[in-house]
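The primary structure of each chain is shown beneath.
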Amino acid sequence: MSGCDGCSAHGGGLQRLGFKTTNADYVVALAGNPNTGKSTVFNALTGLRQHTGNWPGKTVMSAEGGYSYNDTRYRLVDLPGTYSLLAASTDEEVARDYLLFGRPHVAVVVTDATRLERNLNLVLQVLEIHERTVVCVNLMDEAKRKGIEVDDRRLARDLGVPVVPTTARRNEGIRDLLRAIHEVATGETVCRPRRVEFTAPEVTSALETLLPKIDALYPGLPNARWVAARLVEGDPSIVQAVESGRLGEVREEYEVAR
Amino acid sequence: MSTGNAPTTERVRDEAVQLLDAAAQLRWSIGRTFRDALVEDLYREAGNLADRAVRQEGRPRRFDLDRTIDRLVTSRIWGFPLMLGLFALVFWITISGANVPSSMLATLFLDRGHPFLVQVMGSIGAPWWLTGFLVDGVYLATAWVVSVMLPPMAIFFPMFTLLEDFGYLPRVAFNLDSAFRRSGAHGKQALTMMMGFGCNAAGVVAARVIDSPRERLIAIITNNFALCNGRWPTQILIASIFIGSAVPAHFAGLISAAAVVGIALLGVLFSFAVSWGLSKTVLRGEVSTFSLELPPYRPPRILQTLYTSIIDRTLYVLWRAIVFAAPAGAVIWLISNVPVGDASLAAHLVQAFDPVALLFGLNGVILLAYIVAIPANEIVIPTVLMLTVLVTGTSVPGAAEGVMFELDSMGDTHALLQAGGWTLLTAVNLMLFSLLHNPCSTTLYTIYKETGSWKWTAFSAGMPLVLGFTVTFVVTQVWRLLAGF
């Protein structure tokens, strides 16, 4: 690997492509709560200088950038920062629709190590929608300063997907993040995401009613449970995806991807 | 579209319809609890995962102050009493603290400033009508607004901003969220209402955070029920001089504060009731959900808060009041001094309004004041006082006809209003009417800009007026019945 970008100590095999996103082999979506350093991670990977410090609702567009790692080209899509994927506000809809219908090869959820519990809510929601996910536990330096230790291996085992601790603004852990994304994209690492155990009878009984129907319509749809939950709540874009048959297409492409 | 022969496509479509039907049925039978139960499971799971993976050095389980406070202030049992107690405390401090600086300002601007200006005008040989227009009209109205409004605002706004900075207001929104949802409105309406407690025009703009047009419209229309900056001083003043004096002296401050909290609370109740009514009739639809993040508590930076609340709120509101009070003072002076037949125009108007107003336990002065004060609620009290002086004529020593005169303290104000025929009932009705009447012209213009509809703007103006007249009418009739009139 020649050139400054390639030989830099932090990136090993990383070539930042900036805005060049054509002919990408894999598409990676970057999700996460606001103020977790998501844009810093995006900039560290693509070499772009995307404006950081956006708060929920301010950004409803997704930024894009590219990088090449181990001769594989990646397109990175920065989704709006959101606390959840359940509400109907524009930013959450953009993030959720991209994960569901945009079918990225890998989803990366950037989390704040100092507020992991709150951030895990979003991680669990992403895992319901998207299997191939990497969790990036960012702001490790802040956590260390506050005396917070994160057991990333235990978390990875519990979540069933790779977990990478990083300090993006100092480029620490970016190499591990690149490798984890690469391994998930190429299928070297197989994700078996944790699914939330629902205990409330009204939730479990509703899911039991709808799941067989969804399974009959879209056999093997990986996020059937999430679709069922959204249908119970009458989420207009999911209802419409069922009516128009778009959800069926999504399922077919999952099949192909396997 | 998936490829396949016709029967398969048809079968798929059938199954899709069945699926949607089943989902819709479940939605009806389970309803809102579904989302809450789902989110609860999600949070519990996230909590378990974090407990396993995160370790706090040295202290295995840190005492989480934020969460402890949250558990208290948003608890089902303590949340509302704490909220009411806290607001009552804020008003009590405002009411008991405002009297002294208020009378000091009155001495400065009215006792000293007014005669001085009259003297100056006299020495430069200004005609009587110019002195009257400028000094008795414009200057006095402005001076009144400053001395009546500045002290309560300078005490109230910093305290309110401190609560906001500390992170308490989002908790209030959290407490009110489920009530709003039960009224068929959006939970975020609690946030827009909080903004409305500052300024209704700002609250109307803040309704942009609500995505559903139906719920946004409800939030816009009902924002007027949140007492705004311009109306707090009216409430506080009238409560202190009438409600406070109706009870033993050592309870006065407490009872006045409770009365103001009661009116604010009544506004919140009207907000719920009207939201509910609208969502059951003309603005029917489903309630959308959202998640509200409670920001971490921050120790408020006291000096900065004092600075910003005095610059952004106190001076801003004061400036607005002055800008509207100066021309209103001119108008009041003119209508008080332009004779029509045997009396001034104002006297005629007050007399014409009186019979109608008495039905609602108000008086002609108050109605005329509310018409003059359409541009800004801030000048209602000064206008009422000025018009009362006019109507009562010289019955109060030192008062000259058509001139707002010097009132050193709340005691003087009380004496003047009593001379104007005010009773406790008038005061109660004025407080109610101050809560329930049309929004100021700025807010109405904002409503028009945000909704783009004359119809809804007219509704936002008319509906509270109708409510206000209904409520004051009922209160008056019941009161008189009980009092044996």
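A few points on the structure. Keep in mind that what you see is a predicted model, and the values were worked out from it rather than measured. Along each chain, residue indices are assigned from 1 in the same order as the chain's sequence is written. In the order they appear in the text, chains get letters beginning with A and ligands get numbers beginning with 1. Note on the predicted model: pLDDT of at least 70 is required for a residue's local features to be given, and 80 or more for side-chain atom pairs to be given and counted; whole-chain, interface and lining totals, by contrast, use all residues. Here the side-chain values reflect all heavy atoms present in the structure, with hydrogen atoms and water set aside.

1. Observations regarding the overall build of chain B
Right, so step 1: Tallying secondary structure elements over chain B gives 19 helices and three strands in all.
Right, so step 2: Here the term buried applies to any residue with accessible area under 20% of the maximum for its type, exposed to any over 50%, and partly exposed to those in between, with areas from a 1.4 Å probe on protein chains only. Here chain B holds 485 residues, and the buried ones make up 51% of them.
Right, so step 3: Should any heavy atoms of two residues lie within 4.5 Å, those residues are counted as being in contact. Pairs at least 24 residues apart make up 77% of the contacts formed inside chain B by residues separated by at least 6 positions.
Right, so step 4: Of the roughly 22,200 Å² that chain B leaves accessible, carbon and sulfur atoms contribute 67%. Helix numbers and strand numbers start at the N terminus; a helix is a DSSP run of H or I with at least 4 residues, a strand a run of E with at least 2. Here the Shrake-Rupley method, with its probe set to 1.4 Å, supplies the accessible areas, and only the displayed protein chains count as covering residues.

2. Concerning the packing of aromatic side chains
Residues and elements named next belong to chain B.
Right, so step 1: Stacked, tilted and edge-to-face are the three classes applied to pairs of Phe, Tyr and Trp rings, where Trp contributes its six-membered ring and a pair requires centres within 6.5 Å; stacked means planes under 30 degrees apart, edge-to-face means over 60, and tilted covers the rest. Within this structure, the stated rule accounts for 13 aromatic pairs over all chains.
Right, so step 2: Judged by centre distance (6.2 Å) and plane angle (50°), the rings of Trp128 and Trp333 are tilted. With Trp128 in helix 5 (residues 128-166) and Trp333 in helix 12 (residues 302-337), the pair connects residues that are 205 residues apart, well separated along the chain.
Right, so step 3: In this structure Trp128 comes out as exposed when scored by relative accessible area, which is 62%.
Right, so step 4: The exposure class of Trp333 is buried, given its relative accessible area of 6%.
Right, so step 5: Ring geometry for Phe180 versus Phe272: centroids 4.7 Å apart, planes at 65°, classification edge-to-face.

3. Examining the interface of chain A and chain B
Right, so step 1: Across the boundary between the two partners, chain A contributes 54 residues, which contact 41 residues of chain B.
Right, so step 2: A pair is scored as a salt bridge if a Lys or Arg side-chain nitrogen falls within 4 Å of a carboxyl oxygen belonging to Asp or Glu. Taken together, chain A and chain B are joined by three salt bridges.
Right, so step 3: Salt-bridge contacts for B:Arg35 lead to A:Glu233; the nearest nitrogen and oxygen are separated by 2.9 Å.
Right, so step 4: Residues adjacent in sequence count toward polar contacts only when both atoms are side-chain atoms; beyond that, a polar contact is any pair of N or O atoms within 3.5 Å, and within protein one must be able to donate a hydrogen and the other to accept it. Connecting chain A to chain B are eleven residue pairs in polar contact (both at pLDDT 80 or more).
Right, so step 5: Within the residue set of the side of chain A that touches chain B, elements represented by two or more residues are helix 4 (116-129), strand 7 (148-150), helix 6 (152-159), helix 8 (201-217), helix 9 (224-232), helix 10 (236-244) and helix 11 (246-257) of chain A.

4. Topic: the nonpolar core
Right, so step 1: As used in this record, nonpolar core signifies buried Ala, Val, Leu, Ile, Met, Phe, Trp, Tyr and Cys residues forming a set joined through side-chain atoms within 4.5 Å. Judged by nonpolar contacts, the single largest core of 98 residues is most densely connected at A:Val108, A:Leu159 and A:Leu231.
Right, so step 2: Boundaries between domains were set according to an automatic or database domain assignment. Residue-level mapping places this core at the junction of two domains, with at least three residues from each of domain 1 (8-186) and domain 2 (201-257) of chain A.
Right, so step 3: The residues contacting A:Val108, other than those within four sequence positions of it, are A:Val28, A:Ala29, A:Leu30, A:Ala31, A:Val134, A:Cys136, A:Leu177 and A:Ile181.
Right, so step 4: B:Val146, B:Leu278, B:Val372 and B:Phe433 belong to the second largest nonpolar core, which has 92 residues in total.

5. Description of the pattern of salt bridges
Right, so step 1: This structure, assessed with the given rule, holds 21 salt bridges over all chains.
Right, so step 2: Its salt-bridge partner being A:Arg230, residue A:Asp235 comes within 2.9 Å of it at the nearest N-O pair.
Right, so step 3: Note that B:Arg216 and B:Glu450 form a salt bridge whose closest N and O atoms lie 2.9 Å from each other. Of this pair, B:Arg216 sits in helix 9 (residues 213-222) while B:Glu450 sits in helix 18 (residues 441-451), placing them 234 residues apart in sequence.
Right, so step 4: Residue B:Arg216 is classed as partly exposed on the basis of its relative accessible area, which comes to 22%.
Right, so step 5: One continuous salt-bridge network, built from bridges that share partners, spans A:Arg96, A:Asp97, A:Arg230, A:Glu233, A:Asp235 and B:Arg35.

6. Observations regarding helix 10 (residues 232-243) of chain B
Right, so step 1: Between the first and last residue of a helix there are one fewer steps than residues, each counted as 1.5 Å, and that sum is the expected span. Here helix 10 of chain B contains twelve residues, and its C-alpha end-to-end distance of 15 Å stays within 8% of the 16 Å for a straight helix at 1.5 Å per residue.
Right, so step 2: With twelve of twelve residues buried, helix 10 of chain B lies mostly within the body of the structure.

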